[in-house]
Amino acid sequence: MKWMGRGAYEIKFEDNKTEKINPWMSILDSVSYTRSPRSFVSRNIRNDGGATFAFIIFYRDRNGELNDYSLDMNQKGYLLRDERKMYKMVEQETEVFNSLSTWLFENSTQMPNS
């Protein structure tokens, strides 16, 4: 995997357009996850020395209200949702991370530095 560098990237999904989000979800669904107690892993998985994805996902609920949640994922296969729930990929962490990296850099736009 060639690391594309640091920075913020943006992906927009239009309402009711699943053809763009389905590949992303398929990558995440390709492995199993277990709940991981935080006592075994640092809460800040971004500082493990490897590449990390930090997602902020905005969505509208059934009432049209805007909501968001965060999802951090590192190369070791740990995921942290909303800084509260820790999960660990059961197998194929590297393959999933590399597939996700490729998909993200092909489908996103780098945002200008602020």
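Description of the structure in this document. (Residues numbered from 1 in each chain as written. Predicted model: local features only at pLDDT ≥ 70, side-chain atom pairs only at ≥ 80, totals over all residues. Heavy atoms only, no water.)

## Notes on the packing of aromatic side chains
- Scanning all chains against the criterion turns up four aromatic pairs.
- A centroid spacing of 4.6 Å and a plane angle of 25 degrees characterise the contact between Phe53 and Phe97, whose relative ring orientation is stacked. Of this pair, Phe53 sits in strand E3 (residues 52–60) while Phe97 sits in helix H2 (residues 93–107); the two residues are 44 residues apart in sequence, bridging distant segments of the chain.
- Here Tyr59 and Tyr69 contribute two aromatic rings whose centre-to-centre distance is 6.0 Å and whose plane-to-plane angle is 65 degrees, an arrangement assigned as edge-to-face. Taken together, the residues Tyr59 in strand E3 and Tyr69 in strand E4 (residues 66–74) connect sequence positions ten residues apart.
- Judged by its relative accessible area of 22%, Tyr69 is partly exposed.
- Through a chain of ring-to-ring contacts, three or more aromatic side chains come together here, namely Trp24, Phe53, Phe55 and Phe97.
- Directly above the ring of Tyr78 sits Lys88, whose terminal nitrogen or CZ lies 5.1 Å from the centroid. (Phe/Tyr/Trp six-rings, centres within 6.5 Å; stacked < 30°, edge-to-face > 60°. Helix = DSSP H or I, 4+ residues; strand = E, 2+ residues; numbered from the N terminus. Buried < 20%, exposed > 50% of the residue type's maximum accessible area, 1.4 Å probe, protein only. Lys NZ or Arg CZ within 6 Å of the ring centre and 35° of its normal.)

## Concerning unusual backbone geometry
- At Gln92, a residue that is not glycine, the phi angle is positive and equals roughly 60 degrees.
- Position of Gln92 among the secondary structure elements: in the loop between strand E6 (85–89) and H2.

## Some thoughts on the nonpolar core
- Grouped together as the largest cluster of nonpolar side chains are 17 residues, with contacts concentrated most on Trp24, Phe53, Phe55, Met73, Met89, Leu100 and Leu104.
- For this core, the elements supplying multiple residues, two or more each, are helix H1 (21–29), E3, E4 and H2.
- Per-element accounting of this core gives the leading share, five residues, to H2.
- In this structure Leu100 touches Trp24, Ile27, Leu28, Phe53, Phe55 and Met73, once residues within four positions along its chain are discounted. (Core = buried A, V, L, I, M, F, W, Y, C linked by side-chain atoms within 4.5 Å. Contact = heavy atoms within 4.5 Å.)

## Quick look at the sheet that holds strand E2 (residues 33–35)
- Reading across the sheet, the five strands line up as E2-E6-E5-E4-E3 and stay open at both edges, with antiparallel pairing between neighbours. On the outer flanks of this sheet lie E2 and E3, each paired with one strand and no other. Taking each pair of neighbouring strands and ignoring which way they run, the sheet shows an average axis angle of 25 degrees.
- Of the strand pairs in this sheet, strand E5 (residues 78–81) and E6 are connected by four bridges, and their pairing is antiparallel. When the bridges of E6 are listed, Tyr78 appears paired with Lys88.
- Across the sheet, H2 lies against E3, E4 and E6, angled at about 60 degrees from E3, the strand it touches most. (Pairing = 2+ DSSP bridges. Axes fitted to C-alpha atoms, helices over the stretch in contact; angles between N-to-C directions.)

## Concerning the pairing of E3
- The pairing of E3 with E4 spans nine bridges and is antiparallel. Residue Phe55 lies in a different strand from E4, and its bridge partner there is Leu71.

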